[in-house]
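So you can see what is in the structure, the chains are spelled out below.
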Amino acid sequence: MFVYITVMLLALVGIYALLLKENLIKKIIGLAIFSNSIHLFLISLGYRKGGIAAIMQKANVGYFSLAAVDPLPQAMVLTSIVINLSVTAVALSLAIHTYRKFGTLDSKKIRGLNG
Amino acid sequence: MVTFPLSFYGIPIMLAAAFIIPLVSLKKEKMVPYIGVSACLASFFLAALTFIDVLEFGILTHQMEGWPAPFGITIAVDNLSMFLVFMINFIGFAALAFSTKFIKERRTKYYSLLCLVLVGLLGIAHTGDIFNMFVFFEIMSISSYALTSYYRNRDSIEAAMKYIIMGSIATSIILFGIAFIYSAAGSLNMADLALRIPAAAGPVLPLGLGLLLAGFLFKAAIFPFHAWKPDVASVIPVPFATLLATAGSAIGIYAMLRIAFTVFSLTGFWLHISLIVMGVFSMVFGAVLALQQYNILRLLAYSSISQMGFVVMSLGIGSVNALGYTAGIFHLFNIMVFDALLFLCAGIIVYHAGTADMRKLGGFGSFNPILFYSFVIAMLSSVGIPLFNGFSSKILIYIATLQTYPVLTVISLLVSVLTLGYMLKVYDLVFLGGKKISPGRIHRSMWIPMAVLAAVCLFFGVLPNLGMAISDAIASNLSNAMYIMGVLG
């Protein structure tokens, strides 16, 4: 239960920063927090108290399915972290370009495209 | 008899092209466009071969490395995904060929990223696993974010920043939805999920479904999520806008159909009514906002939002009246053809005039007959004039709506009139107004894709039967029994 509340709070913090903060860097941080809350949620789905690593051996065949943690969320989170890394990298490089072109990172002042 | 979906090789081919292009450009920069175009041509031929097989057998599947379905990685192409694969390759080929002359600087990066966008699009259509679908969505999205800032001027940087923030929220939401569905049903394979979901009740599944559909409709730029499209389409290189506005939107609709019909086998009231509402709002808002635009690319982006609204509305009608599915899928095909043609015409105009602002354009009527006739064909198609392909599917939409909700027929006809309005505005400002431009030549890498697309427009306008037969085959297969059989064996 505790972990779900944490996930909820982290997601809310991320969405708050994404929607209401005006600084682009803070928006990008919010994005990272939001995706990491999802990663935490995914990891908690596969968690099992006192679970063993999901590697089947001769010794643990008997109790493997009862004791092993779910390996699939871990694989998903690993993939998603890599994706998130590249999104953040592209976003930060765009923020650098924004600062060079507009001289500010305030999203209220960056308004050329309308309609 | 072929049982392996050959079109799958298109993904490694395009991926290889994306990484070979930077290497080759170190030695011979001139070769770069040819690598991209030939890779896409190879992928297109594989897709055409597979299309024939899929139409015969209904579905082709492949389990990577021989692991059986719920455990391994599944490749599954049925009629619907094969249609998308074929169209992505077709329009991707047109866009890549058109770029040969259009793109003059930083060609290596441009071609490499465009090949990656195609990898993402093809992967979404091929995969039989919702998490792989998310990964391919991200491949497509990240390459698109980078390509959006291609020109590195103020507008493109701003649009890219907007696009990356909104697009990342959408893909994060898709991941959230996948996490909810996995927690409730315990599988990621679409066919396996389709079997498990009827047993797994509870409030978590609808939540996951809603999050997934919101993410996919964002990618398709349907009404409440459409804000990014005009900004992005007006600042990116036109060939890429062609791909993004047609195939990029269609893949969002494909993913929505895959999740809603194959995985959740939804035909219920809420999906029906929400698709109709979103479709109608997209149609009307897109058309009304298109009327106000003076940038030709923004206008065409709003026009494609409006046309995609027709598709979503008629797919929504489908659960009451099965004709709606056929009409929606046939219209999706026709949109992809004539919207691509419209964007390519705009590309030639932008290429020769150097601006997309229609107030500064004019006199293109005497520039080149290929441009003129292509534009007229695409314009009449998008309005839905008989003998052009837009009509052959719009008449099906009119019939389907008339049989269920006649008020939607009235709205569709009104939106068609608005379409005529903004298309005549383009025609008037760009082709008639201003001072005459002396006749000029269009490079063959530009006019050949346009001529092919225009020929397809005319072909399906005069002889719609083939298109209707294929759309019927796709629409009758939207339910998931065959898909589950094909994947799980």
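Since the model is a prediction, treat every value here as computed from it, not as a measurement.

**Details of the overall build of chain B**
A count of helices and strands for chain B gives 19 helices and two strands. By the compact-globule yardstick of 23 Å for 489 residues, chain B fits well, its C-alpha radius of gyration being 21 Å. The principal-axis extents of the C-alpha atoms in chain B amount to approximately 70 × 60 × 45 Å. Taking all 489 residues of chain B together, 63% fall into the buried category. Considering only intrachain contacts with a sequence separation of at least 6, the fraction spanning at least 24 residues in chain B is 80%.

**Digging into the overall build of chain A**
When its secondary structure is counted, chain A shows four helices and zero strands. Walking chain A from its N terminus toward its C terminus, one meets helices and strands in the order α-α-α-α. Relative to the compact-globule value of 13 Å for 115 residues, chain A shows a C-alpha radius of gyration of 20 Å, a clear excess of over 25%. Each principal axis of the C-alpha atoms in chain A carries an extent, and together these give about 65 × 25 × 25 Å. When the 115 residues of chain A are sorted by exposure, 23% land in the buried category. Long-range pairs, those at least 24 residues apart, make up 53% of the contacts in chain A with a sequence separation of at least 6.

**Some remarks on the packing of helix α5 (residues 130-148) of chain B against helix α6 (residues 154-185) of chain B**
Residues and elements named next belong to chain B. Put simply, α5 and α6 touch, their axes get as near as 9 Å, and they point 175° apart. By the criterion of interaxial angle, the relationship of α5 to α6 is roughly antiparallel. Contacts between α5 and α6 involve Ile130, Phe131, Phe134, Phe137, Glu138, Ser141, Tyr145 and Thr148 from the former and Ser156, Ala159, Ala160, Tyr163, Ile164, Gly167, Thr171, Ile174, Leu175 and Ile178 from the latter. Each residue belonging to the contact of α5 with α6 can be placed in one class, and the counts come to twelve nonpolar, five polar and one charged.

**Here we look at the interface of chain A and chain B**
At the junction of the two partners, chain A supplies 27 residues and chain B supplies 28 residues. Elements represented by at least two residues in the side of chain A that touches chain B include exactly α2 (24-45) and α4 (71-102) of chain A. Among the elements that take part in the side of chain A that touches chain B, α4 of chain A stands out by supplying 13 residues, more than any other.

**Comments concerning α2 of chain A**
Taking 1.5 Å per residue, 22 residues should reach 32 Å; α2 of chain A reaches 32 Å between its end C-alpha atoms and fits that length. Every buried residue belonging to α2 of chain A is among Leu24, Lys27, Ile28, Gly30, Leu31, Phe34, Ser35, Ser37, Ile38, His39, Phe41 and Leu42 of chain A, and all of these are buried. Against the buried residues of α2 of chain A lie α1 (2-20) and α4 of chain A together with α6 of chain B.

**Remarks on the nonpolar core**
All names here are of chain B. If you look at the biggest cluster of nonpolar residues, it comprises 225 residues, and the most contacted ones within it are Met14, Met87, Cys115, Leu341, Cys345 and Cys457. Top element by residues in this core is helix α13 (residues 323-353). It accounts for 20 residues. Look past the residues within four positions of Cys115 in its chain and what remains in contact with it is Met14, Ala17, Ala18, Ile21, Gly36 and Ala39.

**Here we look at the pairing of strand β2 (residues 74-78) of chain B**
Remark: a regular strand shows side chains that alternate across the two faces of the sheet. Residues and elements named next belong to chain B. Judged by how many residues are buried, β2 sits mostly within the fold: five of five residues are covered. What you see with β2 is no split at all: Thr74, Ala76 and Asp78 on one side and Ile75 and Val77 on the other are buried throughout. Relative to β2, strand β1 (residues 59-63) runs antiparallel, the two sharing five bridges. Counterpart to His62 in the pairing with β2 is Ile75.

**Overview of the environment of Ala54 of chain A**
Counting through the fold element by element, Ala54 of chain A comes out in the loop between α2 and α3 (64-67). Setting aside residues no more than four positions away along its own chain, Ala54 of chain A makes contact with Ala68, Val69 and Pro71 of chain A.

**A word on helix α10 (residues 238-263) of chain B**
With 26 residues, α10 of chain B should cover 38 Å at 1.5 Å per step; its first-to-last C-alpha distance of 35 Å lies within 8% of that length. The buried fraction of α10 of chain B amounts to 26 of the 26 residues, a majority that puts the element mostly inside the structure.

**Quick notes on the confidence of the model for chain B**
Residue-level pLDDT values for chain B average 89, and 100% of them are 70 or greater. Per the prediction output, this complex has pTM 0.94; the corresponding ipTM is 0.93.

**Observations regarding unusual backbone geometry**
Outside of glycine, negative phi angles account for most residues, and trans bonds account for most peptide bonds. Residues and elements named next belong to chain B. Although it is not a glycine, Arg106 adopts a positive phi angle of roughly 50°. With respect to the secondary-structure elements, Arg106 resides in the loop between α3 (79-102) and α4 (107-126). The backbone of Ala221 shows a phi angle near 60°, a positive value even though the residue is not glycine. For Ala221, the position within the fold is in the loop between α8 (204-220) and α9 (228-235).

**Notes on the packing of α4 of chain A against α6 of chain B**
Each pair of packed helices can be summarised by the angle the axes make with each other and by the distance between the axes. For the pair α4 of chain A and α6 of chain B, the least separation of the axes is 9 Å and the interaxial angle reads 160°. For the element pair α4 of chain A / α6 of chain B, the angle class is roughly antiparallel. Along this stretch, α4 of chain A crosses α6 of chain B, giving a crossing that reads as left-handed. Two secondary-structure elements touch here, α4 of chain A through Ser80, Val87, Val90, Ala91, Leu94, His97, Thr98, Lys101 and Phe102 of chain A and α6 of chain B through Arg154, Ile157, Ala160, Met161, Ile164, Ser168 and Leu175 of chain B. In terms of residue class, the contact of α4 of chain A with α6 of chain B is built from ten nonpolar, four polar and two charged.

**A word on the environment of Gly421 of chain B**
Residue and element names in this part refer to chain B. As for its position among the elements, Gly421 is in helix α16 (residues 406-432). The exposure class of Gly421 is partly exposed, given the 14 C-beta atoms found within 10 Å. Each C-alpha atom of the pair Gly421 and Val117 lies 33 Å from the other, and the pair is 304 residues apart in sequence.

The rules we used
- Residues numbered from 1 in each chain as written.
- Chains lettered and ligands numbered in written order.
- Predicted model: local features only at pLDDT ≥ 70, side-chain atom pairs only at ≥ 80, totals over all residues.
- Helix = DSSP H or I, 4+ residues; strand = E, 2+ residues; numbered from the N terminus.
- Rg over C-alpha atoms; globule rule 2.2 N^0.38 Å.
- Buried ≥ 20, exposed ≤ 12 C-beta atoms within 10 Å, placed from the backbone.
- Contact = placed C-beta atoms within 7 Å.
- Axes fitted to C-alpha atoms, helices over the stretch in contact; angles between N-to-C directions.
- Parallel < 35°, antiparallel > 145°, perpendicular 65-115°, else oblique.
- Nonpolar A, V, L, I, M, F, W, Y, C, P; charged D, E, K, R; others polar.
- Expected span 1.5 Å × (residues − 1).
- Core = buried A, V, L, I, M, F, W, Y, C linked by C-beta atoms within 7 Å.
- Pairing = 2+ DSSP bridges.
- pLDDT = per-residue confidence, 0-100.
- Left-handed = near helix turned anticlockwise from the far one by under 90°.

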